[in-house]
Amino acid sequence: MSDPHAHTHAHSHSHAPANFDRAFAIGIALNIAFVVIEGFYGWKVDSLALLADAGHNLSDVAGLLLAWGGAMAARLRPNARHTWGWKRASVLAAFANAVLLLMAIGGLAWEAIGRLRLGVGLVQEQGVTIMAVAGVGIFINTATALLFMRGGEADLNIRGAFLHMAADALVSLGVVIAGALTLWMGWVWLDPVVSLVIAAVIGVGTWGLFRQSLHLLFDGVPDSLDPQAVRALLAGLPGVTEVRDLHIWAPGTGQVALTAHLVMPEGGDDAFLQHAAEELHEHFDITHVTLQITRSPFAQACDLP
């Protein structure tokens, strides 16, 4: 006879490498160097676009530090008081990173609007300096983004780092274009306008990170999963007549967990549990599965239909 309270746990570590310490260290060093370069020349030529981008890159350094701290905390081993370990730290890091960027965007937009109202812009001769410095930014941001490209599919924290660096490379390209047009056409108003475009581009990407990380903080089902499809898979397993108390959440940014009660009048065995875990992993990449088998429902279900 099968155990009416049988459980199974399935773990998979086939994702991208979990240790990005070297990538974080290189990315932070590169971006600190670029902040110094961009901030100095932005101050020297009084370019809001360069100063704004330097401020944003400084916030990126803080964001990379947050993401690195979250990734390191997530690798700490569980203990009796923290049975999930510290995996939630990666979600908190992604959320804090998003909040930091949204605050920086607000300050950037406010200053740009102020300069437009006052008619303050670049003089034509500043275009060459802007183009040269932003060109360095394209190289540094692209190189940093490539360091995190492989891990973005499996981890929201790493994906946040990759998307921000990739967006920064595009922003630096926009600054180069603004400098070229200022040099060519003498459009002194273009500098604050480009700053507003920078704020908009960063805002779009940051809002997605903010929304997803906040969703995960409240144990929401990850966006990549359809909970109804998961329920349908479980309900379609041999011998299952009802799926109850289905819960899906992400303990950290790189792992998905599931618990459920399966009503099976004929009972189930270890082979069934192993098959169920393998199906959930194969179709939905759920790596931590706990299933309880009951021959009949013995308690009121707590989940939605």
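One can find the structure itself at the top, above this paragraph.
Keep in mind the model is a prediction, meaning the values are calculated, not measured. (Residues numbered from 1 in each chain as written. Predicted model: local features only at pLDDT ≥ 70, side-chain atom pairs only at ≥ 80, totals over all residues. Heavy atoms only, no water.)

### Side note on the overall build of the protein chain
Now for step 1: Scanning the protein chain from terminus to terminus reveals 8 helices and 3 strands.
Now for step 2: Each helix and strand of the protein chain, ordered N terminal to C terminal, gives the series α-α-α-α-α-α-α-β-β-α-β.
Now for step 3: The proportion of buried residues among the 305 residues of the protein chain is 46%.
Now for step 4: Look at the contacts in the protein chain between residues 6 or more apart in sequence, and 76% of them connect residues 24 or more apart.
Now for step 5: Carbon and sulfur atoms provide 66% of the accessible area of the protein chain, an area that totals close to 15200 Å². (Helix = DSSP H or I, 4+ residues; strand = E, 2+ residues; numbered from the N terminus. Buried < 20%, exposed > 50% of the residue type's maximum accessible area, 1.4 Å probe, protein only. Contact = heavy atoms within 4.5 Å. Areas by Shrake-Rupley, 256 points an atom, 1.4 Å probe, with all protein chains shown as cover.)

### Remarks on the pairing of strand β2 (residues 255-263)
Now for step 1: Burial within β2 is extensive, with 7 of its 9 residues counted as buried.
Now for step 2: Where β2 meets strand β3 (residues 288-294), 7 bridges bridge the pair, whose relative direction is parallel. Pairing of V263 across the sheet is with T294, part of β3.
Now for step 3: Note on the crossover from β2 through helix α8 (residues 270-284) to β3: the handedness is right-handed. (Pairing = 2+ DSSP bridges. Right-handed = clockwise from strand over helix to strand, strands pointing away.)

### Points about the sheet that holds β3
Two strands in a sheet stick together by hydrogen bonds in their backbones, pointing the same way (parallel) or opposite ways (antiparallel).
Now for step 1: Across the sheet, which stays open at both edges, the 3 strands sit in the order β1-β2-β3 with mixed pairing between neighbours. Each having just a single partner strand, β1 (242-252) and β3 make up the two edges of the open sheet. Direction aside, neighbouring strands of the sheet carry axes that sit 10° apart on average.
Now for step 2: Where helix α7 (residues 227-235) meets the sheet, it contacts β1, β2 and β3, and its direction lies at approximately 130° from that of β1. (Axes fitted to C-alpha atoms, helices over the stretch in contact; angles between N-to-C directions.)

### Here we look at the pairing of β1
Now for step 1: Along β1, 9 of the 11 residues are buried, which leaves the element largely enclosed by surrounding structure.
Now for step 2: Of the strand pairs in this sheet, β1 and β2 are connected by 7 bridges, and their pairing is antiparallel. By the bridge assignment for β2, H247 is matched with T259.
Now for step 3: Here β1 folds back onto β2 in antiparallel fashion, the turn holding 2 residues.

### So, the nonpolar core
Now for step 1: Core analysis: the largest hydrophobic core is formed by 24 residues, its most contacted members being L234, L258, L280, I286 and L291.
Now for step 2: Contributing elements (two or more residues each) for this core: α7, β1, β2, α8 and β3.
Now for step 3: It is α8 that provides the largest number of residues to this core, a total of 6 residues.
Now for step 4: Discounting chain neighbours no more than four positions away, the residues touching L234 are V240, V243, L246, L258, A260, L262, L280 and L291.
Now for step 5: Among the nonpolar cores identified, the runner-up in size contains 20 residues, and V45, I105, I130 and I140 belong to it. (Core = buried A, V, L, I, M, F, W, Y, C linked by side-chain atoms within 4.5 Å.)

### Considerations on the side chain of S213
Now for step 1: Topologically, S213 is positioned in helix α6 (residues 190-217).
Now for step 2: Polar contacts involving the side chain of S213 include one to the main-chain carbonyl oxygen of F210, which spans 3.1 Å.
Now for step 3: When neighbours within four sequence positions are excluded, S213 is seen to be in contact with V91, A94, F95 and L156. (Polar contact = N/O pair within 3.5 Å; in protein donor to acceptor, adjacent residues only side chain to side chain.)

### Things to note about α7
Now for step 1: Among the residues making up α7, those that are buried are V230, R231, L233 and L234. Projected onto a plane normal to the axis of α7, the buried residues spread over an arc of 160° and lie on a single side.
Now for step 2: Measuring from the side-chain oxygen of the N-cap residue of α7 to the backbone nitrogen of Q228 gives 3.0 Å; that N-cap residue is D226. (Arc of directions from axis to C-beta.)

### Concerning the pattern of salt bridges
Now for step 1: If you walk through the whole model with that rule in mind, you get 3 salt bridges.
Now for step 2: For D223, the salt bridge goes to R211, with nearest N and O atoms at 2.9 Å. One end of the pair, D223, is in the loop between α6 and α7; the other, R211, is in helix α6, and 12 residues separate them in sequence.
Now for step 3: Its relative accessible area of 43% is what places D223 among the partly exposed residues.
Now for step 4: In this structure, the salt-bridge partner of R244 is E242, at a minimum N-O distance of 3.0 Å.
Now for step 5: By relative accessible area, R244 is classed as buried at 11%. (Salt bridge = Lys/Arg side-chain N within 4 Å of Asp/Glu carboxyl O.)

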